[in-house]
Protein chains: 2
Amino acid sequence: MTEQKATNVTWHDHTVSKDERAKLKGHKGAVLWFTGLSACGKSTVANTVDHLLHSQGKHSFVLDGDNIRMGLNKNLGFSAEDRTENIRRIGEVAKLFAQAGNFTLTAFISPYKADRDKVRALLGPGEFIEIYVNASLETCEKRDPKGLYKKARAGEIKSFTGISDPYEAPEKPELTLDADKKGIDELAGEVVEYLKKNGYLAA
Amino acid sequence: MTEQKATNVTWHDHTVSKDERAKLKGHKGAVLWFTGLSACGKSTVANTVDHLLHSQGKHSFVLDGDNIRMGLNKNLGFSAEDRTENIRRIGEVAKLFAQAGNFTLTAFISPYKADRDKVRALLGPGEFIEIYVNASLETCEKRDPKGLYKKARAGEIKSFTGISDPYEAPEKPELTLDADKKGIDELAGEVVEYLKKNGYLAA
């Protein structure tokens, strides 16, 4: 657990309830937590789902690994400690977005099971949807759109997930996407279908 | 400037544009940054504005000092350095909420002008609305709902804004609320009126 440094604080209830927010939005809020290796397609699938949801009048937003690291988490690196703090902060922000009634799509490698489980524990039942974007290291390394695997293999990047750092695959994700065999649109469709089937798209 | 530790990151554009988000929400997104002494009424006014906006079908959310300090910023204390990091993180989160098209109401003492100005610089023109909740130290100390001033005067709380730590009032806030003379509902009404007059309540 992260130590609570600030004392003298009390919890403020928001005057607008979760149900009232859902009623205005026309749907429930939830965190769609995409996890997987670098270049597995997390960001692209998340952004496509965001686009699909928006076109259906749903309120969604993507918290993206690279974007967050240029803003909120710009003072964090890639050590195990910093990766944990990275995911902790993102989990807290995703929770706030979900409390506000949004579908919050997060696209982070989030390699450690314990870190993902901590975020799950922050949220209520059904509010954390873990989506494993399952692509083999071979597939990801073949894509390598930013040339990061090449650099990692050459030893130019230390602590690179899948090469020099571990990736702990989810054991019981709500959804697994087969990113070796299927294209982006098909995978994004599977996510929206999951939301529909499980009652998320109604208030 | 906070040092950028994470390298190998590139900015991802969201596939849904700001205008498209505003069209769905029916209004613009902006950060309403409430600042003022402890017990000046920041949180209460912000939550009342949130309630008013919600009742008009607007999408808003309050980021609250105490709530954030029990979540995202639980690993920060009240040293000058931690206060700065506190406000920096909140500014980044408020920016994300505004990018998602929401009215983001933040209720933090945010005592240092430089920290508030850094948040202003993060946002686009018109997206940062600084609201000075102006109540005299006398008024705040008389209210003291959590007994914090009493503890600060007794030396039980160190670094307490207005007592042992400075508060730098805004020089050119977009709006100043006279919290010595006016009640919560009147002040909240002034904020909504500001948004209306300045075109925020339409897409």
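This is a predicted model, so every value here is computed, not measured.

Basis of the calculations
Residues numbered from 1 in each chain as written. Chains lettered and ligands numbered in written order. Predicted model: local features only at pLDDT ≥ 70, side-chain atom pairs only at ≥ 80, totals over all residues. Heavy atoms only, no water. Helix = DSSP H or I, 4+ residues; strand = E, 2+ residues; numbered from the N terminus. Buried < 20%, exposed > 50% of the residue type's maximum accessible area, 1.4 Å probe, protein only. Areas by Shrake-Rupley, 256 points an atom, 1.4 Å probe, with all protein chains shown as cover. Lys, Arg positive; Asp, Glu negative; His and termini not counted. Charge placed at Lys NZ, Arg CZ, Asp CG, Glu CD. Core = buried A, V, L, I, M, F, W, Y, C linked by side-chain atoms within 4.5 Å. Contact = heavy atoms within 4.5 Å. Salt bridge = Lys/Arg side-chain N within 4 Å of Asp/Glu carboxyl O. Expected span 1.5 Å × (residues − 1). Pairing = 2+ DSSP bridges. Axes fitted to C-alpha atoms, helices over the stretch in contact; angles between N-to-C directions. Polar contact = N/O pair within 3.5 Å; in protein donor to acceptor, adjacent residues only side chain to side chain. pLDDT = per-residue confidence, 0-100. Disulfide = S-S within 2.5 Å. Phe/Tyr/Trp six-rings, centres within 6.5 Å; stacked < 30°, edge-to-face > 60°. Lys NZ or Arg CZ within 6 Å of the ring centre and 35° of its normal.

Trainee: For the overall build of chain A, give the residues involved together with the corresponding values.
Mentor: When you go through chain A residue by residue, the secondary structure sums to eight helices and five strands. The linear arrangement of helices and strands in chain A, starting from the amino end, is α-β-α-β-α-α-β-α-β-α-α-β-α. Counting the 203 residues in chain A, one finds 55% classified as buried. A total accessible area of about 8800 Å² is found for chain A, and carbon and sulfur atoms account for 52% of it. Of the charged side chains in chain A, 30 are positive and 29 negative, and the gap between their average positions amounts to 2 Å.

Trainee: Which residues make up the nonpolar core, and what values do they have?
Mentor: Residues and elements named next belong to chain B. One finds L32, F34, V49, F103, L177 and L195 to be the most contacted residues of the largest nonpolar core, which totals 37 residues. When residues of this core are traced back to their parent elements, those giving at least two are β1 (30–35), α2 (42–55), β3 (103–107), β4 (128–134), α7 (148–153), β5 (175–178) and α8 (184–197). Here this core gets six residues from one element, more than from any other, and that element is α8. Not counting residues within four places of it along the chain, the set of residues in contact with L177 comprises F34, V45, I131, Y132, V133, N134, L187, E190 and V191.

Trainee: For the pattern of salt bridges, give the residues involved together with the corresponding values.
Mentor: Applying the stated criterion to the full structure yields 23 salt bridges over all chains. Between K18 of chain A and E127 of chain A there is a salt bridge, with its nearest N and O atoms 2.3 Å apart. Taken together, the residues K18 of chain A in helix α1 (residues 18–25) and E127 of chain A in the loop between α5 (113–122) and β4 (128–134) connect sequence positions 109 residues apart. A relative accessible area of 14% places E127 of chain A in the buried class. In this structure, the salt-bridge partner of E190 of chain B is K182 of chain B, at a minimum N-O distance of 2.7 Å.

Trainee: Tell me about α2 of chain B, and name the residues and values.
Mentor: All names here are of chain B. Here α2 contains 14 residues, and its C-alpha end-to-end distance of 20 Å stays within 8% of the 20 Å for a straight helix at 1.5 Å per residue. By the criterion of burial, α2 is predominantly enclosed, with 10 of the 14 residues buried. Of the residues making up α2, those classed as buried are K42, S43, V45, A46, N47, T48, V49, D50, L53 and H54. Backbone geometry just after α2 places G57 at a positive phi near 80°.

Trainee: Quick rundown of the sheet that holds strand β1 (residues 30–35) of chain A? Include the residues and the values.
Mentor: Residues and elements named next belong to chain A. The strand order across the open sheet built from five strands is β2-β3-β1-β4-β5, with neighbouring strands paired in parallel fashion. Of all strands in the sheet, those with a lone pairing partner are β2 (60–64) and β5 (175–178), marking the two edges. Pairwise comparison of adjacent strand axes, ignoring direction, gives a mean angle of 20° for this sheet.

Trainee: I'd love a proper account of the side chain of E130 of chain A, names of residues and values included.
Mentor: Residue and element names in this part refer to chain A. With respect to the secondary-structure elements, E130 resides in strand β4. Note on E130: relative accessible area 4%, which makes it buried. A distance of 3.0 Å separates the side chain of E130 from the side chain of R120, its partner in a polar contact. Setting aside residues up to four positions removed in sequence, E130 forms contacts with W33, T35, R116, R120, P170, K172, P173, E174 and L175.

Trainee: Let's hear about the confidence of the model for chain A: which residues, and what values?
Mentor: Detailed reading of predicted coordinates is not advised where the pLDDT is low. In the predicted model, chain A carries a mean pLDDT of 92, and the fraction of residues at 70 or more is 93%. pLDDT under 50 marks residues 10–14 of chain A. Its contacts with residues more than four places away, or in other chains, come to 17 contacts.

Trainee: Pulling in residues and values, what's your account of the sheet that holds β4 of chain B?
Mentor: All names here are of chain B. With parallel pairing, five strands are arranged side by side in an open sheet as β2-β3-β1-β4-β5. Where the open sheet ends on each side, the last strands, each with one partner, are β2 (60–64) and β5. Sheet twist, expressed as the average angle between the axes of neighbouring strands with direction ignored, equals 20°. Two strands pair when backbone bridges link them, and β4 and β5 are joined in this way by four bridges, in the parallel orientation. Opposite I131, over in β5, you have L175 as the bridge partner. Packing of α8 onto the sheet brings it into contact with β1, β3, β4 and β5, and relative to β5 it is tilted by some 160°.

Trainee: Quick one: what's the story with the state of the cysteines, residue by residue and with numbers?
Mentor: By definition, a disulfide links the sulfur atoms of two cysteine residues through a covalent bond. Residue and element names in this part refer to chain B. Evaluated as defined, the whole model comprises zero disulfides over all chains. With no disulfide of its own, C140 lies 5.5 Å from the sulfur of C40, the closest cysteine sulfur. A relative accessible area of 0% means that C140 is categorised as buried.

Trainee: Could you give an account of the packing of aromatic side chains, naming the residues involved and the relevant values?
Mentor: Scanning the model with the defined rule gives 13 aromatic pairs over all chains in all. A ring pair is formed by W33 of chain B and F128 of chain B, whose centres lie 5.9 Å apart and whose planes are at 35°; its orientation type is tilted. Taken as a pair, W33 of chain B in strand β1 and F128 of chain B in strand β4 lie far apart in primary sequence, 95 residues in all. According to the relative accessible area criterion, W33 of chain B is buried, its value standing at 0%. Residue F128 of chain B is classed as buried on the basis of its relative accessible area of 4%. Between R69 of chain A and the ring centre of F78 of chain A, over which it is positioned, the NZ or CZ distance is 4.0 Å.

Trainee: Which residues make up the side chain of S60 of chain B, and what are the values?
Mentor: Summarising the element assignment, S60 of chain B is placed in strand β2. At 2.4 Å, the side chain of S60 of chain B and the side chain of D50 of chain B are in polar contact.

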